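# Structural description and commentary
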Amino acid sequence: VQLQASGGGLVQAGGSLRLSCTSSESSAEAVGWHRQAPGKQRELVAAISPGTRTNYEGSVNGRFTIFRENAQNTVYLRMTALKPEDTAVYYCNQGDWLGTRYVEGTTWGQGTLVTVSS
């Protein structure tokens, strides 16, 4: 399976972006969006089960929404009220959903850069 991530760009603080992660396969899997800011470790920001269950990292809860369009084999991350601290390279990952939690897998999309200016 291959994942294609896109949708990053430069946006002013308070603005919005929508990231896309499109899979080469049609089966719905758990997907997580991760980000890595310069000098920081990669962190999970949002995840979605093969169904509709979602998890969010605390700082993005209420601002980011993860959702899927199965007909398009795509998982989206809608980001609103963006802050300069959201600046990072964003990656999507295909993983597993165990109980109520997403578990990172080994399949990654290429990163897409999000830059939020103040």
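Let me begin by describing the structure that accompanies this report. No experiment lies behind these values; they were computed from the predicted model shown. (Residues numbered from 1 in each chain as written. Predicted model: local features only at pLDDT ≥ 70, side-chain atom pairs only at ≥ 80, totals over all residues. Heavy atoms only, no water.)

## Some points on the overall build of the protein
Note the cut-off: Only DSSP runs of H or I reaching four residues or more are called helices, and only runs of E reaching two or more are called strands; each is numbered from the N terminus. Just to be clear, the radius of gyration here is over C-alpha atoms, and the globule rule we use is 2.2 Å times residues to the power 0.38. Summary of the burial criterion: residues with accessible area below 20% of their type's maximum are buried, those above 50% are exposed, and those between are partly exposed, where the area comes from a 1.4 Å probe applied to protein chains only. Surface accessibility in these figures is a Shrake-Rupley result with a 1.4 Å probe; residues are shielded only by whichever protein chains are displayed.
Each helix and strand counted, the protein has zero helices and eleven strands in total. Of the regular secondary structure in the protein, the N- to C-terminal order runs β-β-β-β-β-β-β-β-β-β-β. Over its C-alpha atoms the protein spans a radius of gyration of 13 Å, differing by no more than 12% from the 13 Å that the globule rule assigns to 118 residues. Referenced to the eigenvectors of the C-alpha coordinate spread, the extents of the protein come out at roughly 40 × 25 × 25 Å. The buried share of the protein, reckoned over its 118 residues, is 42%. Split by element, the accessible area of the protein, about 6100 Å² in all, is 45% carbon and sulfur.

## Regarding the state of the cysteines
Condition: Counting rule for disulfides: a pair of cysteine sulfur atoms within 2.5 Å.
For the structure on display, the rule yields one disulfide. Disulfide partner of cysteine 21: cysteine 92, at an S-S distance of 2.2 Å. Taking the sign of the torsion about the S-S bond as the criterion, the disulfide between cysteine 21 and cysteine 92, at about 75°, is right-handed. Linking cysteine 21 in strand S3 (residues 17-23) with cysteine 92 in strand S9 (residues 88-98), this pair joins segments that are 71 residues apart in sequence. An identical accessibility class is assigned to cysteine 21 and cysteine 92; each is buried.

## Re the sheet that holds S3
Rule in force here: By this definition, two strands are paired if DSSP reports at least two bridges between them. Whenever a helix is involved, its axis is fitted only over the stretch in contact; in every case the axis is a line through C-alpha atoms, and angles between N-to-C directions fall within 0 to 180 degrees.
Within the open sheet, the four strands sit side by side as S1-S3-S8-S7. Their pairing is antiparallel. Whereas interior strands pair on both sides, the edge strands pair on one side only; in this sheet they are strand S1 (3-6) and strand S7 (64-69). In this sheet, neighbouring strand axes are inclined to one another by 15° on average, regardless of whether the strands run parallel or antiparallel. With six bridges joining them, S7 and strand S8 (residues 74-79) adopt antiparallel strand pairing. Residue arginine 68 lies in a different strand from S8, and its bridge partner there is valine 75.

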